[in-house]
Amino acid sequence: LEAVGRGDLKAHPEIIDNLQTIINLLPNLNQEDLVRSMIVKTNDMMAAIYLASIIRTVIALHDLINNKIRYGDDGAEKPKPPAPAKVVEEEKKEESAKAGESDKKDEAKS
């Protein structure tokens, strides 16, 4: 095509005819409805990508905070903090209730 454009070669009529057919079959992309729908679709995709990026960032920050709590600044794993007194009292009550139930079952069997 470059040689034909420069005038070094003669244009072959079948090739020119095929090129005209290909160009004529291309859709008209200058229609207002098509342009508007492409803009809307592109904006929707960009919004989805933006939202996914924000979610990914929040999850990464959450993991970073959890690691900071677990390992601290020095990188050594910290022991788990003791349970609050209220939780410990409830666990003792549950254990004593279970022990009381098992004692009643033992008495009923004998």
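The rules behind each value
Residues numbered from 1 in each chain as written. Predicted model: local features only at pLDDT ≥ 70, side-chain atom pairs only at ≥ 80, totals over all residues. Heavy atoms only, no water. Helix = DSSP H or I, 4+ residues; strand = E, 2+ residues; numbered from the N terminus. Buried < 20%, exposed > 50% of the residue type's maximum accessible area, 1.4 Å probe, protein only. Salt bridge = Lys/Arg side-chain N within 4 Å of Asp/Glu carboxyl O. Patch = residues over 30% accessible without salt bridge, like charges linked within 9 Å, V, L, I, M, F, W, Y side chains within 5 Å. Areas by Shrake-Rupley, 256 points an atom, 1.4 Å probe, with all protein chains shown as cover. Lys, Arg positive; Asp, Glu negative; His and termini not counted. Charge placed at Lys NZ, Arg CZ, Asp CG, Glu CD.

1. Section: the overall build of the protein chain
In terms of helices and strands, the protein chain carries 4 helices and 0 strands. In sequence order, the secondary structure elements of the protein chain are arranged as α-α-α-α. The buried share among the 110 residues of the protein chain stands at 2%.

2. Quick word on the pattern of salt bridges
Under the defined criterion, the tally for this structure stands at 1 salt bridge. Between D8 and R6 there is a salt bridge; the shortest N-O distance is 3.1 Å.

3. A look at a negative patch on the surface
Side chains of E89, E90, E91, E94 and E95 sit close together on the surface and give a patch of like negative charge. Residue placement: E90 occurs in helix 4 (residues 85-109).

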